[in-house]
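Residue-level structural notes
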Amino acid sequence: MAIRAEHEIHTRRKGRNVGVGLMLGGFVVLVMVLTFVKITQTDFTRAPGTANPPAAVGGQD
Amino acid sequence: MTDVSQTPALENEAELGDYFALLKPRVMQLVVFTALVGMLAAPASVHPVIGFASILFVAIGAGASGALNMWWDADIDSVMRRTAKRPIPAGKVQPGEALALGVGLSFLSVMMLGLSANLLAAGMLLFTIFFYAVVYSMWLKRATPQNIVIGGAAGAFPPVIGWIIATGSFSVEAWLMFALIFMWTPPHFWALALFMRSDYDDANVPMLTVTHGRPATRRHIMAYTVLLALLAVGTGFTAIGGYIYLTVSVVLNLLFLIGAWRIWQRDEAAAEADNYMVERKFFRLSLYYLFLHFGAILVEASLRTWGMGGW
């Protein structure tokens, strides 16, 4: 049998590796975007478990 | 020199799609859809990125439990015609790989859902994976004809998780969506067991058709369908219902009841004569049944954001 540079098995492995790579890349991007959203949504000025300050919920002036 | 084309192990080497198949993509579709409806029907808004990520992690968790199920059930999957081509019985993926993938993705999905949504949602996802992989697959499936009834809870949790992602708590409406899937599962699978005649017998899985006989299974389908119809139509009068849901539900439940009645009224000779046409039609209708019920809940929720829908 002639030696070919790329056997069908190599193509299959390449497809698998590219797929895993893309998924890992996507996961990294997702975690980055999620972190950004979480940080921008969180009010770091108030202690965990406490209620929002009156101004934040449209309370009295 | 070794000719790689002659080596069976290499010839059978898995593609990426084989690993994906371990995650039961069709079940994942249902999980994604029902969890999404649960999240959107909840009376709380979710940031689109958090919502997307959370539903993705629920889907990965569902996939992980599918991989664990395939690892545990590889022996009976190879016997049943319906499952013989799954990656493990087909020799594409080794059982150990499926176990590693299932355990790894379970931890990843639960941990990430806890970070993206809240700990209660993550806890519910962990319980769902445990329920499907351990309670259903390992304990119930081969032990009792009630396997489908109790095990159906695993498939019913996603809308509850979706609701918790949005609200951080449980509610009656979330449990009504749970009950809808829970009550739908037995007639759906028993209809399948009726026309996939020998599969469960060959695999020694104690389905109702095997332990109590086929006439008893037909009676059970009828009984569960009546209870399901009451529940489904009743849900129309709650906060997640409305005119659209109620109309869809009444029509679907009438069709479902007619189907169940026809299954109940015929015997095996009649079923064999037309190659289980009535049972097959009932099974197909059951797929539309669930999709359209949850679709109607979604429509009502969408209309509510525009000041319409609901009661």
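This structure is a prediction, so every number in the text was calculated from the model and none was measured.

What follows covers the overall build of chain B. Scanning chain B from N- to C-terminus turns up 16 helices and zero strands. Computed over C-alpha atoms, the radius of gyration of chain B comes to 21 Å, within 12% of the 19 Å expected from 2.2 N^0.38 for 311 residues, which places it in the range of a compact globule. Its C-alpha atoms put chain B at 75 × 55 × 30 Å along the principal axes. Of the contacts formed within chain B by residues at least 6 apart in sequence, a portion of 74% connects residues at least 24 apart.

Residues and elements named next belong to chain B. Its domain assignment divides chain B into domain 1 (1–169) and domain 2 (171–311). The distance between the C-alpha centroids of domain 1 and domain 2 comes to 23 Å. Counting from both sides, the interface comprises 28 residues of domain 1 and, opposite them, 27 residues of domain 2. Mapped by element, the contributors of at least two residues to the side of domain 1 that touches domain 2 are α3 (25–41), α8 (147–156) and α9 (158–167). Looking at which element gives the most residues to the side of domain 1 that touches domain 2, the answer is α8, with seven residues.

Turning our eyes to something else, we now look at the nonpolar core. Nonpolar side chains in soluble globular proteins generally cluster together in the buried interior. All names here are of chain B. Core analysis: the largest hydrophobic core is formed by 95 residues, its most contacted members being Val58, Ala67 and Ile161. Among the elements that line this core, the one with the most residues is helix α10 (residues 172–195), at 15 residues. Looking at which domains feed residues into this core, each of domain 1 (1–169) and domain 2 (171–311) supplies at least three. When neighbours within four sequence positions are excluded, Ile161 is seen to be in contact with Ala35, Gly38, Val58, Ala121, Met124, Leu125 and Thr128.

Here we come to the packing of helix α7 (residues 119–140) of chain B against α9 of chain B. Residues and elements named next belong to chain B. Close contact between α7 and α9 brings their axes to 8 Å; oriented N to C, the two are set at 165°. Classified by the angle between their axes, α7 and α9 sit roughly antiparallel to one another. Note that α7 runs across α9; the crossing there is left-handed. Of the residues in α9, those in contact with Leu120, Ala121, Met124, Leu125 and Thr128 of α7 are Val160, Ile161, Ile164 and Ile165. For the contact of α7 with α9, the per-class residue count stands at eight nonpolar, one polar and no charged.

Here we come to the environment of Ile50 of chain B. Along the chain, Ile50 of chain B falls in helix α4 (residues 48–72). For Ile50 of chain B, a count of 19 C-beta atoms within 10 Å translates into the label partly exposed. Leave out the neighbours within four places in its chain, and Ile50 of chain B touches Leu34 and Val37 of chain A together with Ser116 and Ala117 of chain B.

With that settled, consider the UniProt feature "transmembrane region" (unreviewed entry) in chain A. Using the residue numbers shown here, the UniProt feature "transmembrane region" (unreviewed entry) corresponds to residues 20–39 of chain A. Overall, residues 20–39 of chain A shows 100% helix and 0% strand. The separation of its end C-alpha atoms is 28 Å.

Glancing now at α4 of chain B. In this model, α4 of chain B (25 residues) spans 36 Å end to end at C-alpha, consistent with the 36 Å of a helix rising 1.5 Å per residue. Along α4 of chain B, 19 of the 25 residues are buried, which leaves the element largely enclosed by surrounding structure.

Where the model shows low pLDDT, its predicted coordinates should not be examined in detail. For chain A, the average pLDDT comes to 78, and 70% of its residues sit at 70 or higher. Taken as a whole, residues 55–61 of chain A scores under 50 in pLDDT and shows three contacts with residues more than four places along the chain or in a different chain.

Criteria and thresholds
Residues numbered from 1 in each chain as written. Chains lettered and ligands numbered in written order. Predicted model: local features only at pLDDT ≥ 70, side-chain atom pairs only at ≥ 80, totals over all residues. Helix = DSSP H or I, 4+ residues; strand = E, 2+ residues; numbered from the N terminus. Rg over C-alpha atoms; globule rule 2.2 N^0.38 Å. Contact = placed C-beta atoms within 7 Å. Domains from an automatic or database assignment. Core = buried A, V, L, I, M, F, W, Y, C linked by C-beta atoms within 7 Å. Buried ≥ 20, exposed ≤ 12 C-beta atoms within 10 Å, placed from the backbone. Axes fitted to C-alpha atoms, helices over the stretch in contact; angles between N-to-C directions. Parallel < 35°, antiparallel > 145°, perpendicular 65-115°, else oblique. Left-handed = near helix turned anticlockwise from the far one by under 90°. Nonpolar A, V, L, I, M, F, W, Y, C, P; charged D, E, K, R; others polar. UniProt positions renumbered as here; feature names shortened; annotations may be inferred. Expected span 1.5 Å × (residues − 1). pLDDT = per-residue confidence, 0-100.

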